[in-house]
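As a plain string of letters, each chain reads:
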Amino acid sequence: MNLPKNRWLAFASHFGISLLIFLALLLIIVFFWYPGALFAAAGGWQGIRIVVGVDLVLGPLLTLIVYDIAKPRKVLFRDLLVIVLIQFSCLVGGVYVVFDERPVTVTYVHDKFYVLKNSDFIKSGTDPKTLGLNLMTPKIFYTELTQLSDESGVEAEVIVGLYNFTGNDLAYRTDLYVPFPKTSKEAAVVFRGNKLPQYQEHSADCVTVELVSAFGGGIVCFGVEAQSLEDFVSLTALQARQDPGN
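Residues numbered from 1 in each chain as written. Predicted model: local features only at pLDDT ≥ 70, side-chain atom pairs only at ≥ 80, totals over all residues. Heavy atoms only, no water.

## Focus on a nonpolar patch on the surface
Taken together, Leu27, Phe31, Phe32, Leu135 and Met136 make up a surface patch of nonpolar side chains, about 520 Å² in accessible area. Tracing the sequence through the fold places leucine 135 in the loop between helix H5 (118-123) and strand E3 (139-143). (Patch = residues over 30% accessible without salt bridge, like charges linked within 9 Å, V, L, I, M, F, W, Y side chains within 5 Å. Areas by Shrake-Rupley, 256 points an atom, 1.4 Å probe, with all protein chains shown as cover. Salt bridge = Lys/Arg side-chain N within 4 Å of Asp/Glu carboxyl O. Helix = DSSP H or I, 4+ residues; strand = E, 2+ residues; numbered from the N terminus.)

## Points about empty space enclosed by the protein
Applying the stated criterion to the full structure yields 2 cavities of 30 Å³ or more. Volume-wise, the largest cavity comes out at about 40 Å³. Lining the largest cavity are Ala42, Val115, Lys117, Asp120, Ser213, Ala214 and Phe215. Of the residues belonging to the lining of the largest cavity, the class tally is 4 nonpolar, 1 polar and 2 charged. Taken as a whole, the second largest cavity spans an internal volume of roughly 30 Å³. Every residue lining the second largest cavity is listed: Leu25, Ile28, Ile29, Trp33, Val51, Val95 and Val98. Elements that contribute at least two residues to the lining of the second largest cavity include exactly helix H1 (7-33) and helix H4 (73-100). The element best represented in the lining of the second largest cavity is H1, accounting for 4 residues. Partitioned by chemical class, the residues of the lining of the second largest cavity number 7 nonpolar, no polar and no charged. (1 Å grid on protein atoms, 1.4 Å probe; cavity = no way out; pocket = protein on both sides within 12 Å on 5 of 7 lines; lining within 4 Å. Points joined across faces, edges and corners; volume = space filled by probe spheres on them. Nonpolar A, V, L, I, M, F, W, Y, C, P; charged D, E, K, R; others polar.)

## What to know about the nonpolar core
Phe113, Phe180, Phe191 and Leu229 are the most contacted members of the largest nonpolar core, which totals 33 residues. Setting aside anything within four residues of it in sequence, one finds leucine 229 in contact with Gly36, Ala37, Leu38, Val106, Phe113, Leu211, Val220, Cys221 and Phe222. Core analysis: the next-biggest nonpolar cluster, separate from the first, contains 12 residues, Tyr114, Phe121, Leu131 and Phe141 among them. (Core = buried A, V, L, I, M, F, W, Y, C linked by side-chain atoms within 4.5 Å. Buried < 20%, exposed > 50% of the residue type's maximum accessible area, 1.4 Å probe, protein only. Contact = heavy atoms within 4.5 Å.)

## Observations regarding H1
In this model H1 runs 36 Å from its N-terminal to its C-terminal C-alpha over 27 residues, within 8% of the 39 Å that 1.5 Å per residue would give. Among the residues of H1, those classed as buried are Ala10, His14, Ser18, Phe22, Leu25, Ile29 and Trp33. Two or three places before tryptophan 8, at the opening of H1, asparagine 6 has a side-chain oxygen 3.0 Å from that residue's backbone nitrogen. (Expected span 1.5 Å × (residues − 1). Polar contact = N/O pair within 3.5 Å; in protein donor to acceptor, adjacent residues only side chain to side chain.)

## A few points about unusual backbone geometry
With phi around 65°, histidine 110 is a residue other than glycine that occupies positive phi space. The topology assignment puts histidine 110 in the loop between strand E1 (103-109) and strand E2 (112-117). Residue histidine 110 is classed as buried on the basis of its relative accessible area of 15%. Phi at aspartate 231 takes a positive value of approximately 55°, unusual for a residue other than glycine. The residue aspartate 231 is located in strand E7 (residues 228-234) in this model. Classification of aspartate 231 by relative accessible area gives partly exposed; the value is 36%.

## Here's the deal with helix H3 (residues 44-66)
Three- or four-residue spacings in an α-helix give side chains the same orientation, since the helix completes a turn every 3.6 residues. Taking 1.5 Å of rise per residue, 23 residues should cover 33 Å, and H3 covers 32 Å from first to last C-alpha, within 8% of that figure. At valine 52, H3 shows its strongest bend, of approximately 35°. Buried within H3 we find Gly44, Gly47, Ile48, Val51, Val54, Asp55, Leu56, Gly59, Pro60, Thr63 and Leu64. Along its buried surface, H3 packs onto H1, helix H2 (38-41) and H4. (Bend = angle between axes of the 7 residues up to and from the residue.)

In structure tokens:
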């Protein structure tokens, strides 16, 4: 087996292999774990930084520091093997963190979408296993508040306000979860509480909805037929547009 003649060639070879691995992981993260607007709204960028740090930086940098063609062949192979094991261990840990923090549900409650991770359900004492969640992509639901309204005789707006006031978030009431409808007529009933206007940057065939996640909030357009969240605009960006002087 021919080895690179110097540390810079070794670094370039290691970086090239790491780059291919990174591109494969990037496709998974962008198109499956954090699809559409969720990449910007729910921590996709943070996940990419973790993968970049352990894949594109750590391994190649260690190779650049350790590689020396003057070393005995066995010693050099041993050093490179140790680097690969360190990089692989860190990469597995980093990818697991990104996978564990991925959105598992996007739930519409009254007038907002709530992006929830598996850890969110665990903290709330809720078991999401009954929802039949997807392994790779988040599942979209809405909460059916009609049952609560019928039982209490109180309108949905009042129920939402009471739950928010007491700290019992309706987004965790998995017993009220219903798969989101895929027709515009049925979706119009679900979106009856949504009062947001249509923003110019959003396409005409989407519904503009507020979205809330652990990484902040914003506005997205939801394509009913495609069941996708697109064109995320953060609240910070919206505030800057409304008050351009600051």
